[in-house]
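# Examining the three-dimensional arrangement
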Amino acid sequence: MTPPPLPPPLPPLRDRARPVRRPHPGLAIDLGSARTRAWLPGRGLVADVPTASAAGPGGSSPVRRGAVVDAEGAARLLGRLLDGYVPRSGHRPVVVLTTPVLCGDGDRAAALAALEVLRPRAVLTVDGVRAVALVTGADQTRPLLVTDVGARLTEVALLEDGAVAAARRIPLGSADIGGSTTAAALADAVVETVTDLLRDDPTARTLDALEGGLLLSGGGARRPDVVHRLARRLLTPVRPAPAPHTAAVRGAAAALSAARRHPSLTGPA
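Residues numbered from 1 in each chain as written. Predicted model: local features only at pLDDT ≥ 70, side-chain atom pairs only at ≥ 80, totals over all residues. Heavy atoms only, no water.

## Regarding the pattern of salt bridges
For the coordinates displayed, the defined rule picks out 12 salt bridges. Asp 196 is the salt-bridge partner of Arg 199, the closest N and O atoms lying 2.6 Å from each other. Of this pair, Arg 199 and Asp 196 both sit in helix 4 (residues 183-200), 3 residues apart, which is roughly one turn of the helix. A network of salt bridges, in which partner residues are shared, links Arg 35, Arg 37 and Asp 48. (Salt bridge = Lys/Arg side-chain N within 4 Å of Asp/Glu carboxyl O. Helix = DSSP H or I, 4+ residues; strand = E, 2+ residues; numbered from the N terminus.)

This is the structure we're talking about:
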């Protein structure tokens, strides 16, 4: 009986193919005062739920006016929401988190503590207003005014070359409309804030930004009464972002896509 042929010898080590490298899995998260949204590459929006520390009517909000005030409650929310999307073994995820533009060190530390439940390999943060500018494809070679009217927090920012040059915040949002707060009052607060921001920096860049119009995002951008009043009082075009309520998390996903290609965030398969 003829013995089977021997397998060919392995090539010298220097000639062997290198291990395939692939980016680590990732998540983009927008942890808002009223809604928490998560975006998974290849899947899109996988979560859009009320921000509550527990399921059901008994859960309280661990985020107030954009700040994480209950890190443990936020961790329970993220763990419950994203458990099925985070590998239990192997590659740990890279997480991109949107943060308020004027987020303090304490607020940032609380948000990062909440994310530990996901066992991230790395956590990158991006200002919500920058994420909006990124996903809308706005021309960032010229000064840009961005206003994010969230549920409980409104932010106004002047971007220059893609970076935040100046910013203001208003502790009001679209969820506050009703009772003593009207849509007109919210829009007027934004107008006053934009005016103050421009008054503090009366240079060519701010005038150029105002002339270019206002890029609007957040749930407030879905209210025609707010949009029309802003345009009428500012005497400039107001452009709501496409699907403005998810613009921030989609912008974070765009940032994640770029980050996952960085050599420091890849590893052998």
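## As for the sheet that holds strand 9 (residues 144-149)
The 5 strands are arranged 11-10-9-12-13 in an open sheet whose pairing can be described as mixed. The open sheet has two free edges, formed respectively by strand 11 (163-170) and strand 13 (238-240), since each of these has just one partner strand. Averaged over neighbouring strand pairs, the angle between their axes works out to 20 degrees when direction is ignored. In terms of strand pairing, strand 9 meets strand 10 (residues 154-160) through 6 bridges, oriented antiparallel. Within strand 10, the position partnered with Asp 148 by the bridge is Glu 155. (Pairing = 2+ DSSP bridges. Axes fitted to C-alpha atoms, helices over the stretch in contact; angles between N-to-C directions.)

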